[in-house]
Amino acid sequence: MPELTFTDKILARTLLKFVPSSVTPNQITWFRFISIPFVGFLFIEEYYLAGLVLFFISSFSDAIDGSLARTRNQITEWGKTYDPIADKILIGVAVLILVSRYINIYLSTTIITIELFILASAYYRKRVKGIPIEAEFSGKAKMILQSLGIGAILVSIAFSLPAFIVVAQYFLYLSIVFAIISLVVYKSI
């Protein structure tokens, strides 16, 4: 059985109790892939409240599928490969649409470029060097900060709270720091 994180233990005692045993972590990852076009559509069409709800559910499903995989001992190679890809596409769509529109194109481009670099590096390590892809703290922190940044943009727009754009910027800049740490930890740069 894999080592459980603090978050895994909390989720196992709360939300995971409500996830039927027939639902697998990979199915939750598939849900995230399927939700991405709908998230993008809601953002493009400026249905920000609905977009906030779906983005929250979709991004939170990342915590659920990982904890479910570890607590039920259902870790698969497919999940280790495609779960981070789903995260990067979800964040990439949100950043491309929202950060470009409400903060600036430079921040959006920086985040997407780093995500592509991380993805290419992981692919190279796994396929060429045979090094397994393992989640680590800085990568998880990066995803949480990116999700909080996107959420703050959505709260700012949906509820007319302009101060949340500044909050979003701080979360997103901090996520870049953790992305760079992640690259260094994986010896990608």
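Up top is the structure.
Residues numbered from 1 in each chain as written. Predicted model: local features only at pLDDT ≥ 70, side-chain atom pairs only at ≥ 80, totals over all residues. Heavy atoms only, no water.

## Quick word on the packing of helix α4 (residues 77–102) against helix α5 (residues 105–128)
Inference 1: At a minimum axis distance of 9 Å, the contact between α4 and α5 shows a crossing angle of 165 degrees. The orientation of α4 with respect to α5, classified from their angle, is roughly antiparallel. Relative to α5, the crossing made by α4 is left-handed. Of the residues in α5, those touching α4 at Glu77, Thr81, Ile85, Lys88, Gly92, Val95, Leu96, Val99 and Ser100 are Ile105, Leu107, Ser108, Ile111, Ile112, Glu115, Ile118, Leu119 and Lys126. (Axes fitted to C-alpha atoms, helices over the stretch in contact; angles between N-to-C directions. Helix = DSSP H or I, 4+ residues; strand = E, 2+ residues; numbered from the N terminus. Parallel < 35°, antiparallel > 145°, perpendicular 65-115°, else oblique. Left-handed = near helix turned anticlockwise from the far one by under 90°. Contact = heavy atoms within 4.5 Å.)

## A short note on the packing of aromatic side chains
Inference 1: Under the definition given, this model contains eight aromatic pairs.
Inference 2: Both rings, one in Phe43 and one in Phe55, keep their centres 6.3 Å apart while their planes meet at 45 degrees; by these two values the pair is tilted. Of this pair, Phe43 sits in helix α2 (residues 25–44) while Phe55 sits in helix α3 (residues 48–71), and the two are 12 residues apart along the sequence.
Inference 3: An aromatic cluster of at least three residues, connected via ring pairs, comprises Trp30, Phe33, Trp78 and Tyr82. (Phe/Tyr/Trp six-rings, centres within 6.5 Å; stacked < 30°, edge-to-face > 60°.)

## What about the environment of Gln146?
Inference 1: Note that Gln146 resides in helix α6 (residues 137–158).
Inference 2: As for Gln146 and Phe171, which are separated by 25 residues in sequence, their C-alpha atoms are 6.6 Å apart.
Inference 3: In this structure, Gln146 is in contact with Ile91, Ile111, Glu115, Leu172 and Ser175, ignoring residues within four places of it in sequence.

## Overview of unusual backbone geometry
Inference 1: Phi at Asn73 is positive, roughly 55 degrees, even though this residue is not glycine.
Inference 2: Despite not being glycine, Ser160 has its phi angle at roughly 50 degrees, a positive value.
Inference 3: Along the chain, the position of Ser160 falls in the loop between α6 and α7 (163–185).

## Details of the side chain of Ser138
Inference 1: If you trace the backbone, Ser138 turns up in helix α6.
Inference 2: Judged by relative accessible area, which is 4%, Ser138 ranks as buried.
Inference 3: Polar side-chain contacts of Ser138 include one of 3.5 Å to the backbone nitrogen of Ser182.
Inference 4: Not counting chain neighbours up to four residues away, the residues in contact with Ser138 comprise Phe178, Ile181, Ser182 and Val185. (Buried < 20%, exposed > 50% of the residue type's maximum accessible area, 1.4 Å probe, protein only. Polar contact = N/O pair within 3.5 Å; in protein donor to acceptor, adjacent residues only side chain to side chain.)

## A word on the pattern of salt bridges
Inference 1: Within this structure, the stated rule accounts for nine salt bridges.
Inference 2: For the salt bridge of Lys142 with Glu115, the shortest nitrogen-to-oxygen distance reads 2.8 Å. Taken together, the residues Lys142 in helix α6 and Glu115 in helix α5 connect sequence positions 27 residues apart. The exposure classification of Lys142 matches that of Glu115, with both residues buried.
Inference 3: Residues joined by salt bridges that share partners form a network here, namely Arg32, Asp62, Asp65, Asp83 and Asp87. (Salt bridge = Lys/Arg side-chain N within 4 Å of Asp/Glu carboxyl O.)

## Here's the deal with the nonpolar core
Side chains that are nonpolar tend, in soluble globular proteins, to be buried together.
Inference 1: Phe55, Ile150 and Ile153 are the most contacted members of the largest nonpolar core, which has 33 residues in total.
Inference 2: Put simply, the parts of the chain that give this core at least two residues each are α2, α3, α4, α5, α6 and α7.
Inference 3: Apart from the residues lying within four places of it in its own chain, the contact partners of Phe55 are Val39, Phe43, Leu90, Ile91, Ala94, Ser147, Ile150, Gly151 and Leu154.
Inference 4: By size, the runner-up hydrophobic cluster in this structure holds six residues, among which are Leu11, Val19, Ile28 and Leu68. (Core = buried A, V, L, I, M, F, W, Y, C linked by side-chain atoms within 4.5 Å.)

## Remarks on α5
Inference 1: Over its 24 residues, α5 runs 33 Å from end to end, which matches the ideal 34 Å to within 8%, given 1.5 Å per residue.
Inference 2: Taken as a whole, α5 has its buried residues at Leu107, Ser108, Ile111, Ile114, Glu115, Ile118, Ser121, Ala122, Arg125 and Lys126.
Inference 3: Contacts made by the buried residues of α5 are with α4, α6 and α7.
Inference 4: Here α5 starts with a cap whose side-chain oxygen sits 3.0 Å from the backbone nitrogen of Tyr106, and that cap is Asn104. (Expected span 1.5 Å × (residues − 1).)

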